[in-house]
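Overview (structure and organization)
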Amino acid sequence: MYHRFNENKYPSTNIKMNIFHNQMQIIKNFKYEFYDPKFLIEEFEKPKDNKKILITIDDGFKSFYNEAWPYLKKKKIPFILFISTEPVGKNGYMNWDEIKEIDNSEFGYIGHHSHSHEYLIDMSEEDFINDIKTATKIFNNKLGYTPSIFSYPFGEYSLFMKKYISDNFKIAFGQHSGVIDINKDKFELPRFPINEKYGEIKRFKSLINYNPLEYKILKPKEKKLHSKNNPPKLIIEFFENQKNIQNINCYSNDGGNWKKSNLKFKSNTMIINFEEPFVPRRGRINCSLNENGKWRWFGTQFTIRPD
């Protein structure tokens, strides 16, 4: 997941183009293909013979159009561009003509990213629905259709939001790190965020070689926390053919600092009882398993709101 390109005053969401070029070349050097989003929906539940890399860009900043789009077009690299409709045409953002150019290309696909790009999880249920409907109406007016793929702003969602999105879209992405497999929930798919801090080449080479840490059940389903359910008890039930689950290592930022999590195992189920409540705004957990040199990765995210 990318945001800005060559906008160096925003290091938390920016990637320098020379680094981006290197990253795309690394993907090719490792013999991975780029995943064409047009197959994402229809093929999601079909087992894949080979891992592919999906490129996504959030927000539709002008720097994407000026810097990355010419390169992606030249190299014929497919991608999803998630657009929030309210900022379109404003300073620093793409306009509708530029978005239509992407939409009319063979490589760019437009995704739904809400209207306001506000903290939707803080809105009332009615206001959240109205925000999504407003964007949908604008997409229909400007593009002639509603994008079927959604991206949660800031990767934040409650169970209510996820249910609404699952009723109105085909697939939805968060911003927690991880590798997609056919067992992942289609409405909280992981992505590896890439920026100046988390885009350095050594890390990038590692993450594109990660494999999914697959599981059958993940609880709790509610990802919005408040005082009554913070900290949660994280329960992951793995498939019976997953070996060496007791070698999994997990790290979490409960209490505001990253630490190694205390894991308990019962048969093929892993339980994390966090030491402290997560602090606002986001709680994250990342787990990895070295399976005879084959690294598997899983991540999830909670949104913490004061009562």
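Described below are features of the structure shown in this document.

Definitions and cut-offs
- Residues numbered from 1 in each chain as written.
- Predicted model: local features only at pLDDT ≥ 70, side-chain atom pairs only at ≥ 80, totals over all residues.
- Heavy atoms only, no water.
- Helix = DSSP H or I, 4+ residues; strand = E, 2+ residues; numbered from the N terminus.
- Expected span 1.5 Å × (residues − 1).
- Contact = heavy atoms within 4.5 Å.
- Pairing = 2+ DSSP bridges.
- Axes fitted to C-alpha atoms, helices over the stretch in contact; angles between N-to-C directions.
- Salt bridge = Lys/Arg side-chain N within 4 Å of Asp/Glu carboxyl O.
- Buried < 20%, exposed > 50% of the residue type's maximum accessible area, 1.4 Å probe, protein only.
- Core = buried A, V, L, I, M, F, W, Y, C linked by side-chain atoms within 4.5 Å.

What follows concerns helix 3 (residues 62-75). The terminal C-alpha atoms of helix 3 lie 20 Å apart, and with 14 residues this matches the ideal 20 Å at 1.5 Å per residue to within 8%. Contacts made by the buried residues of helix 3 are with strand 1 (4-5), helix 1 (17-29), strand 5 (56-58), strand 6 (79-83) and helix 4 (96-103). Lys 76 sits one or two positions beyond helix 3 and adopts a positive phi of about 60°.

What follows deals with the sheet that holds strand 11 (residues 217-219). As summarised here, the arrangement of the four strands in space is 11-13-17-16, forming an open sheet in which the pairing is antiparallel. Looking along the sheet, the strands with just one partner apiece sit at the ends: strand 11 and strand 16 (263-266). Between one strand and the next, the sheet's axes are offset by a mean angle of 15°, whatever the strand orientation. Here three bridges tie strand 11 to strand 13 (residues 233-237), and the two strands are oriented antiparallel to one another.

Inspection of the entire model under this criterion finds 20 salt bridges. Between Asp 122 and Arg 305 there is a salt bridge, with the nearest N and O atoms lying 2.6 Å from each other. Linking Asp 122 in the loop between strand 7 (108-112) and helix 5 (125-143) with Arg 305 in the segment after strand 19 (294-304), this pair joins segments that are 183 residues apart in sequence. Look at Asp 122 and you get partly exposed, because its relative accessible area is 39%. For Lys 162, the salt bridge goes to Asp 185, with nearest N and O atoms at 2.4 Å. Residue Lys 162 is located in helix 6 (residues 159-168), and its partner Asp 185 is located in the loop between strand 9 (171-173) and helix 7 (201-208); the two are separated by 23 residues in the primary sequence. The buried category is assigned to Lys 162, whose relative accessible area is 12%. Among the residues examined, Asp 185 registers a relative accessible area of 28% and is labelled partly exposed. Salt bridges linked by common partners bring Asp 122, Glu 156, Arg 281, Arg 282 and Arg 305 together as one network.

A word on the nonpolar core. Tyr 2, Phe 20, Ile 55 and Phe 64 are the most contacted members of the largest nonpolar core, which has 40 residues in total. If you list the elements that add at least two residues to this core, you get helix 1, helix 3, strand 6, helix 4, helix 5 and helix 7. Take this core: its biggest share by element is six residues, from helix 3. Of all hydrophobic cores here, the second largest spans 21 residues; its members include Ile 245, Leu 263, Met 270 and Cys 287.

A separate point is unusual backbone geometry. Residue Pro 231 follows Asn 230 across a cis peptide bond; omega there is 5°. Structurally, Pro 231 is set in the loop between strand 12 (224-225) and strand 13. Across the junction of Pro 280 and Arg 281, the peptide omega takes the value 20°, indicating a cis bond. The residue Arg 281 is located in the loop between strand 17 (269-273) and strand 18 (282-291) in this model. For His 117, which is not glycine, the phi torsion reads 55° and is therefore positive. Looking at the secondary structure, you find His 117 in the loop between strand 7 and helix 5.

For Ala 135, the location among the structural elements is in helix 5. Considering only alpha carbons, one finds Ala 135 and Thr 146, 11 residues apart in sequence, at a separation of 8.9 Å. If sequence neighbours within four positions are ignored, Ala 135 has contacts with Thr 85, His 112, Ser 114 and His 115.

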